Amino acid sequence: MDRKLKIAIQKSGRLSDDSVKLLKKCGISFGNGLGKLRSEANNFPLEIFFLRDDDIPNYVEDSVADIGIVGENVLAEKDCEVETIEKLGFGKCRLSLALPKSFEYVSVKDFEGKRIATSYPKILGNFLSKNNVEAELHTISGSVEIAPSIGLADAVCDIVSSGSTLFTNGLKEVETVMRSEAVLIKRKGLDEDSQKLLNKLLFRIRAGKSAEENKYILLNAPNENLEKIIEILPGMRSPSVLPLAESGWSSVHSVINENDFWEVVENLKTEGAEGVLVLSIDQMIQ
Ligand code: ATP
Ligand code: ZN
């Protein structure tokens, strides 16, 4: 099989580093030297295209690439016939409406009749009509946040992650229009061979993602509390229990979700666990 899967990722921007990291974490090695538009993996049938993020949905729709990594915000703004297959957990941000700091904001109705500058007229238009608000949208492609200070608009709708850009431009965030993160998309009608390659890649992506969401935990437990400790630690199937050289004690090994981590550790301590070690997991195949 000499077919190669073609993936489009952002050339340079907020998704670039994490997209490259994700592929490398899948064990795929390739050169991504500056200025390169295209690269071939050495150890996986994958061709990587480095593109502007806004172009990625179109390239995938037009079959220039089979799959792509792009923000949900960009995807929602385009009318592209592509399929979202996996959320990737990076590039998290939100599309928000913002007004001058001094504005006494009450509700979304305050946007009625306002001039709003945005690069996302489609998403914003849908949001406003859902809320029965009529506003005048001004589509601009960059530096949206300066529009109110130069008198071009009364409000803005833009991507925010910390809010500091808005703040330094005298604006405050008042409504979240959409939440977004990077997703993996694929074109319609992928042939069987390409789909097989994609499944292989997805298997690796999911193993890496599970690994990031979980921790490996080891601890020593007094045998009399073993049952309670095992209950706290469900593990992938169930925890491994090994006897310690010292009688009356066991070593317990398990996997726990990152979100439950501190609570689990506290409960373990209460049940007499000692010498708790927590390790990162590189890959986790379920
Ligand atoms: P390009 O040159 O590829 O068109 P760009 O300037 O349009 O790049 P970036 O600013 O690199 O785009 O953002 C790419 C994506 O990263 C956004 O569409 C969004 O999904 C995500 N993102 C995450 N956090 C932020 C943020 N604080 N500001 C902007 N985008 C963010
Ligand atoms: Zn862009």
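The rules behind each value
Residues numbered from 1 in each chain as written. Chains lettered and ligands numbered in written order. Predicted model: local features only at pLDDT ≥ 70, side-chain atom pairs only at ≥ 80, totals over all residues. Heavy atoms only, no water. Helix = DSSP H or I, 4+ residues; strand = E, 2+ residues; numbered from the N terminus. Rg over C-alpha atoms; globule rule 2.2 N^0.38 Å. Contact = heavy atoms within 4.5 Å. Areas by Shrake-Rupley, 256 points an atom, 1.4 Å probe, with all protein chains shown as cover. Lys, Arg positive; Asp, Glu negative; His and termini not counted. Charge placed at Lys NZ, Arg CZ, Asp CG, Glu CD. Disulfide = S-S within 2.5 Å. Phe/Tyr/Trp six-rings, centres within 6.5 Å; stacked < 30°, edge-to-face > 60°. Buried < 20%, exposed > 50% of the residue type's maximum accessible area, 1.4 Å probe, protein only. Lys NZ or Arg CZ within 6 Å of the ring centre and 35° of its normal.

Draft legend 1. Looking closely at the overall build of the protein chain. Assigned secondary structure in the protein chain consists of 8 helices and 15 strands. Whereas a compact globule of 286 residues would reach a radius of gyration of roughly 19 Å, the protein chain reaches 25 Å, over 25% beyond that. Counting only C-alpha atoms, the protein chain reaches 75 × 55 × 35 Å along its principal axes. Taking as baseline every contact in the protein chain between residues at least 6 positions apart, the subset at least 24 positions apart corresponds to 68%. Here the protein chain has roughly 15,300 Å² of accessible surface; of this, 47% comes from carbon and sulfur atoms. For the protein chain, the centre of its 35 positive side-chain charges and the centre of its 44 negative side-chain charges are spaced 5 Å apart.

Draft legend 2. Focus on the state of the cysteines. Within the structure shown, the criterion is met by 0 disulfides. Cys157 takes part in no disulfide bond, and the closest cysteine sulfur, belonging to Cys93, lies 12 Å away.

Draft legend 3. Spotlight on the packing of aromatic side chains. Scanning the entire structure with this criterion turns up 2 aromatic pairs. Ring geometry for Tyr105 versus Phe111: centroids 5.8 Å apart, planes at 55°, classification tilted. Pairing Phe261 with Trp262 gives two aromatic rings, centres 4.7 Å apart and planes at 65°, and the pair type is edge-to-face. The class of Phe261 is buried, set by a relative accessible area of 11%. When the ring centre of Phe30 is taken as reference, the NZ or CZ atom of Lys24 above it lies at 4.8 Å. The cationic tip of Lys101 hangs over the ring face of Phe167; the distance from NZ or CZ to the ring centre is 3.7 Å.

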